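Next come the chains, spelled out residue by residue.
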Amino acid sequence: MRTVFVFPAMAQAAVVALLDRLSPDQRHPWLVDGCLYPDLTDEDEHLYADWEPAAVRALPRPR
């Protein structure tokens with residue numbers, strides 16, 4: 001298994017709605033196309049704990 005971080009340019013609620021449409025019967029993680037297991041992590045869960053503060057500030061914020 002590989003881990004990939006994706007930073008969507010949309011609010012987390014919109015991402016959840018999209019994943020719910022793609023995988024209506026499974027959540028946390030979702031199962032998409034039988035092989036992709038998206039799981040959401042937000043900033044409050046220390047996602048950026050080992051990042052430099054300037055790198056975190058450089059990330060675009062959802063609209």
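Note that the structure is predicted; figures quoted are calculated from it, not measured.

Student: Explain the overall build of the chain to me, please; I cannot follow it from the model alone.
Tutor: From N to C terminus, the chain includes 2 helices and 0 strands. Looking at the chain residue by residue over its 63 residues, the buried ones come to 16%. The contacts of the chain with a sequence gap of at least 6 include a subset with a gap of at least 24, amounting to 31%.

Student: Is there a simple way to think about the side chain of Ser 23 in this case?
Tutor: Summarising the element assignment, Ser 23 is placed in the loop between α1 (12–22) and α2 (53–58). A polar contact of 2.9 Å, which involves the side chain of Ser 23, links it to the backbone oxygen of Leu 31. If we skip the residues at most four places from it in the chain, Ser 23 touches Trp 30 and Leu 31.

Student: I tried to follow the nonpolar core on my own but got confused; where do I start?
Tutor: When a protein is soluble and globular, its nonpolar side chains tend to lie buried together. With 5 residues, the main nonpolar core is built from Val 15, Val 16, Leu 19, Trp 30 and Val 32. Among all residues touching Val 15, those that are not within four sequence positions of it are Pro 8, Met 10 and Leu 40.

Student: Quick question: what am I supposed to make of α1 here?
Tutor: Structural remark: α-helix, 3.6 residues per turn; residues separated by three or four positions point the same way. Along α1, the residues that are buried comprise Val 15, Val 16 and Leu 19. Buried residues of α1, viewed axially, fall in a sector of 100 degrees; they line one side. Exposed residues on α1 whose side chains face more than 90 degrees from its buried face are Ala 13 and Arg 21.

Conventions we followed
Residues numbered from 1 in each chain as written. Predicted model: local features only at pLDDT ≥ 70, side-chain atom pairs only at ≥ 80, totals over all residues. Heavy atoms only, no water. Helix = DSSP H or I, 4+ residues; strand = E, 2+ residues; numbered from the N terminus. Buried < 20%, exposed > 50% of the residue type's maximum accessible area, 1.4 Å probe, protein only. Contact = heavy atoms within 4.5 Å. Polar contact = N/O pair within 3.5 Å; in protein donor to acceptor, adjacent residues only side chain to side chain. Core = buried A, V, L, I, M, F, W, Y, C linked by side-chain atoms within 4.5 Å. Arc of directions from axis to C-beta.

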